[in-house]
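# Working through the structure, step by step
These are the residues of each chain, in order.
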Amino acid sequence: MKILVINPNSSIEMTESIKETVRAAAGDRFEAEVCRITEAPPFIGSYADQLASGPHLLKLLKEQEDNYDGFIIACHLDPCLDAAKEITEKPVMGIGEVSMRMAPLLGRKFSVVGSSSATTYLKRRMVEQYGLEKFLASVRAPKPEWTGSQEELLIRAAGQAVREDGADVIVLGCAGFTGLDEAIKDDVKVPVLDGVACALAVMEGVLNMRGCTCRK
C-alpha cells in the first residue's frame with residue numbers, strides 16, 4: 001500500500017509539518033510520501049489560489065497515477081478535489097472533506113477553526129457542498145488583535161467554539177495545524193480532528209477494502 005500526500009501550496013515549512021504527521025501515522029503498516037507543488041502560492045486561501053495551484057496538482061497526479069494506490073490533497077479547502085477524482089480511478093481524498101465527514105461520528109455539532117477570517121466564507125461553502133449544514137456549530141478563526149503562539153490562538157478560538165457555539169468536536173481547518181490536535185484537545189476537552197491524520201486513517205481503510213473511485 002503506497003499513498004502520496006500532496007501539499008498543494010509551495011510552503012516548505014508546512015510540507016515538513018505534514019511529513020511528521022504522515023511518518024507517525026504510517027508506522028510500518030503502509031508506505032506514504034509527501035510532496036509540494038513548487039509552482040503554487042505559498043498558501044491556499046482563496047479561489048484564485050486554488051486555480052493557480054490546480055493545473056500543477058492535476059498534472060502531478062496524472063504523472064504519478066501508476067506509482068501510488070491513493071492520493072491525499074493536504075489542504076483543508078480541498079482544491080481541485082472534484083477534478084482530481086475525475087482523472088483517476090485511484091482513491092483521492094481531501095483533508096477538509098474527510099475531517100468534516102468524520103466529525104459527526106464523534107459528536108452532535110462540530111466547529112471548524114481556520115487560519116483567518118478571510119477563509120471563513122469558503123469553509124461555510126464547503127460545509128454546504130458536503131451537505132453537512134445541520135452538523136455545523138460554527139466556523140471560527142483567531143482574531144487579528146489576539147496575540148500569542150499559533151497553538152495558543154487556536155486554543156482560544158476552539159474554546160470559544162465549545163463554550164459559545166456548542167461545538168462537541170473541533171475540526172482543524174488548515175494542514176499547517178497538523179500535530180496540534182492533542183494540545184488543543186487537552187485544553188478544550190472535546191475531540192479535535194487533524195485533517196491529515198484523518199485522511200490517512202480513512203485512506204488506509206479504503207485501500208484495505210480495495211476501494212476505488214466510482215466512474216458512474
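Everything below is about the structure shown above.
Keep in mind that this is a model prediction, so the values were computed, not measured. (Residues numbered from 1 in each chain as written. Predicted model: local features only at pLDDT ≥ 70, side-chain atom pairs only at ≥ 80, totals over all residues. Heavy atoms only, no water.)

Turning to the side chain of Ser10, a few remarks are in order. Turning to its location among the elements, Ser10 is positioned in the loop between strand 1 (2-7) and helix 1 (12-26). A polar contact of 2.9 Å, which involves the side chain of Ser10, links it to the backbone oxygen of Ala40. (Helix = DSSP H or I, 4+ residues; strand = E, 2+ residues; numbered from the N terminus. Polar contact = N/O pair within 3.5 Å; in protein donor to acceptor, adjacent residues only side chain to side chain.)

Before going further, it helps to spend a moment on the sheet that holds strand 3 (residues 70-73). Paired through their backbone hydrogen bonds, the strands of a sheet run either parallel or antiparallel. The 4 strands lie next to each other as 2-1-3-4, forming an open sheet whose pairing is parallel. Each edge of the open sheet is held by one strand with a lone partner, namely strand 2 (31-36) and strand 4 (92-94). For this sheet the average axis-to-axis angle between neighbouring strands, irrespective of direction, equals 20 degrees. Note that strand 3 and strand 4 share 3 bridges and pair parallel. In the sheet register, Ile73 faces strand 4, and the bridge partner there is Gly94. Along the sheet, helix 1 contacts strand 1 and strand 2; its crossing angle with strand 2, the most-contacted strand, is approximately 175 degrees. Sheet strands in contact with helix 8 (residues 195-208) are strand 1, strand 3 and strand 4, and its direction is about 160 degrees off that of strand 3. (Pairing = 2+ DSSP bridges. Axes fitted to C-alpha atoms, helices over the stretch in contact; angles between N-to-C directions. Contact = heavy atoms within 4.5 Å.)

This paragraph deals with the pattern of salt bridges. Here the structure, examined in full by the defined rule, presents 11 salt bridges. A salt bridge links Lys85 to Glu97, with the shortest nitrogen-to-oxygen separation between them at 3.2 Å. One end of the pair, Lys85, is in helix 3 (residues 81-86); the other, Glu97, is in helix 4 (residues 95-102), with 12 residues separating them in the sequence. Of the residues examined, Glu97 reaches a relative accessible area of 15% and is grouped as buried. (Salt bridge = Lys/Arg side-chain N within 4 Å of Asp/Glu carboxyl O. Buried < 20%, exposed > 50% of the residue type's maximum accessible area, 1.4 Å probe, protein only.)

This next bit is on the packing of helix 6 (residues 150-165) against helix 7 (residues 181-188). One way to put it is that helix 6 packs onto helix 7 with a least axis distance of 9 Å and a crossing angle of 45 degrees. Compared by their axis directions, helix 6 and helix 7 come out oblique. You can see that helix 6 and helix 7 cross each other, and the crossing is right-handed. Where helix 6 approaches helix 7, its residues Glu151, Leu154, Ile155, Ala158, Gly159 and Val162 are matched on the opposing element by Ala183, Ile184, Asp187 and Val188. Residue classes in the contact of helix 6 with helix 7 are distributed as 7 nonpolar, 1 polar and 2 charged. (Parallel < 35°, antiparallel > 145°, perpendicular 65-115°, else oblique. Left-handed = near helix turned anticlockwise from the far one by under 90°. Nonpolar A, V, L, I, M, F, W, Y, C, P; charged D, E, K, R; others polar.)

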